[in-house]
Amino acid sequence: SWNTDDASDALKCLHEKREKEIFLGTTLTGPHRDKYFFMKESKDFSENASTGQKRLLSLLLRIAQVTRFNEITKRKPILLFDDVLLELDGGKRKTFLDILPEYEQAFYTFLPEEPFENYKKSDTIIYYVNEGRLYNDKSC
């Protein structure tokens, strides 16, 4: 979104947008605002993909991001997943969780009816939220 490879030009753009961004409470430029297109058989994937396929693509991009973060920093990330597995069937959920790169901690939210216990590891700790309170026993 900066249309430049020059760091000083990007900084200038950031400086020019600063007041407006503060007023709006959000950033208006940067790589997180860029539009990326993914193609499948010469067609825009996002126009032809199901919701689950789009969700899976976004999760695979996160795996790539986690892998790159680890390569650069030599640190394991803390992962936050808020209902991101909803549109995936059980098999794809399990596969996604199995291929996640190493992480320090991971936090997931699930709907109560989801079979989240099927995906836990030996060191998984499960907490439940009921009426805004946190419990480690689902009978609450």
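Since the structure is predicted, the reported quantities are computational estimates derived from the model, not experimental observations.

Engineer: How would you sum up the overall build of the chain? Please name residues and give values.
Structural biologist: When helices and strands are counted, the chain shows 4 helices and 6 strands. Put simply, the chain runs from its N terminus to its C terminus through helices and strands in the order α-β-β-α-α-β-α-β-β-β. Taking 2.2 N^0.38 as the reference for a compact globule, 140 residues should give roughly 14 Å; the C-alpha atoms of the chain span a radius of gyration of 19 Å, well beyond that estimate. Summarising its shape, the C-alpha atoms of the chain cover approximately 55 × 40 × 35 Å along the three principal directions. Expressed as a percentage of its 140 residues, the buried residues of the chain come to 20%. A separation threshold of at least 6 residues defines the contact pool for the chain, and within that pool the share at least 24 residues apart is 47%. Surface summary for the chain: the accessible area is close to 11300 Å², and the carbon and sulfur share equals 52%. Mean positive and mean negative side-chain charge positions of the chain (22 and 24 charges, respectively) differ by 1 Å.

Engineer: Please give an account of the nonpolar core that cites residues and values.
Structural biologist: Judged by nonpolar contacts, L59, I63, V66, L79, F81, V84, L85, L88, F96, L97, L100 and Y119 together constitute the single largest core of 12 residues. Counting only elements with at least two residues in this core, the list comes to α3 (51-73), β3 (78-82) and α4 (90-99). Discounting residues that sit within four places of it in the chain, L97 has contacts with L85, Y108 and Y119.

Engineer: I'd love a proper account of unusual backbone geometry, names of residues and values included.
Structural biologist: Unlike most non-glycine residues, E41 shows phi in positive territory, near 55 degrees. Relative to the assigned elements, E41 resides in the loop between β1 (39-40) and β2 (43-44). Of note in this structure, K74 is not a glycine but carries a positive phi near 60 degrees. Relative to the helices and strands, K74 is located in the loop between α3 and β3.

Criteria and cut-off values
Residues numbered from 1 in each chain as written. Predicted model: local features only at pLDDT ≥ 70, side-chain atom pairs only at ≥ 80, totals over all residues. Heavy atoms only, no water. Helix = DSSP H or I, 4+ residues; strand = E, 2+ residues; numbered from the N terminus. Rg over C-alpha atoms; globule rule 2.2 N^0.38 Å. Buried < 20%, exposed > 50% of the residue type's maximum accessible area, 1.4 Å probe, protein only. Contact = heavy atoms within 4.5 Å. Areas by Shrake-Rupley, 256 points an atom, 1.4 Å probe, with all protein chains shown as cover. Lys, Arg positive; Asp, Glu negative; His and termini not counted. Charge placed at Lys NZ, Arg CZ, Asp CG, Glu CD. Core = buried A, V, L, I, M, F, W, Y, C linked by side-chain atoms within 4.5 Å.

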